[in-house]
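Summary of structural features
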Amino acid sequence: MLDKTLANVTQQIYSPHADASEATTSRLVVMAGPLIGASFVLAGGETVIGRSPECSIQLGTPGVSRQHCKLTTSGSQVYIEDLGSSNGTVVNGRELQPLMRAELQHGDRIKVLDSEFFFLSPKATTEAGEKELDVNFRKASKEASSFLDDFPEILDVRQNRKTR
């Protein structure tokens, strides 16, 4: 059985066995959309999500703006800003106002059309709550499915969900 709590995922990513640089950086984990299963380290500076090949995280979904939103890391804090996208950026169910910056907290959910990200902060490893993570494998694209083939433990979860 999979323990899908935010605390468990946080503990796995920021375990004592993790690389020292990874244990001190924030991350985005993709929970739905074409990049499902991917994890992105927010090492510092700016991370832009959008359709353009120059973006740090590229989403090819129709409706995603060339530069949709931006995450800015400043010390241990991470801020998100919608860059005036056509279809908006949603954090925890609330749409961000264009060009307004909001601070992200551990466990925040970010939606860019059909892609959903979980924000994980290493400073909150001891504060991780019991929020349920919900990965929707049915929405995963063919590319994401082939990516997941390299991770048998995730495939086992998918197989268990199908047999329910």
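Residues numbered from 1 in each chain as written. Predicted model: local features only at pLDDT ≥ 70, side-chain atom pairs only at ≥ 80, totals over all residues. Heavy atoms only, no water.

1. A few points about the confidence of the model for the protein chain
Here the protein chain averages 75 in pLDDT, and 60% of its residues register 70 or above. Low pLDDT (under 50) marks residues 6-22, which in the prediction has 33 contacts with non-local residues, meaning those over four places away or in another chain. Here residues 126-131 is a poorly scored stretch, pLDDT under 50, and it has 12 contacts once near neighbours within four places are set aside; other chains count. (pLDDT = per-residue confidence, 0-100. Contact = heavy atoms within 4.5 Å.)

2. Quick word on the sheet that holds strand β1 (residues 26-32)
The strand order across the open sheet formed by six strands is β2-β1-β11-β10-β7-β8, and the pairing between neighbours is antiparallel. Each edge of the open sheet is held by one strand with a lone partner, namely β2 (39-42) and β8 (94-95). Where strand β7 (residues 90-91) and β8 come together, two bridges link them in antiparallel fashion. Looking at the pairing, Val91 lines up with Arg94 of β8. (Pairing = 2+ DSSP bridges. Helix = DSSP H or I, 4+ residues; strand = E, 2+ residues; numbered from the N terminus.)

3. Focus: the nonpolar core
One finds Leu28, Ile49, Leu71, Ile80, Leu104, Ile110 and Phe117 to be the most contacted residues of the largest nonpolar core, which totals 19 residues. Mapped by element, the contributors of at least two residues to this core are β1, β5 (69-74), β6 (77-82), β10 (109-112) and β11 (115-120). Beyond its immediate chain neighbours, meaning those up to four positions away, Ile110 contacts Leu28, Leu71, Ile80, Thr89, Val90, Val91, Leu104, Ser115, Glu116 and Phe117. (Core = buried A, V, L, I, M, F, W, Y, C linked by side-chain atoms within 4.5 Å. Buried < 20%, exposed > 50% of the residue type's maximum accessible area, 1.4 Å probe, protein only.)

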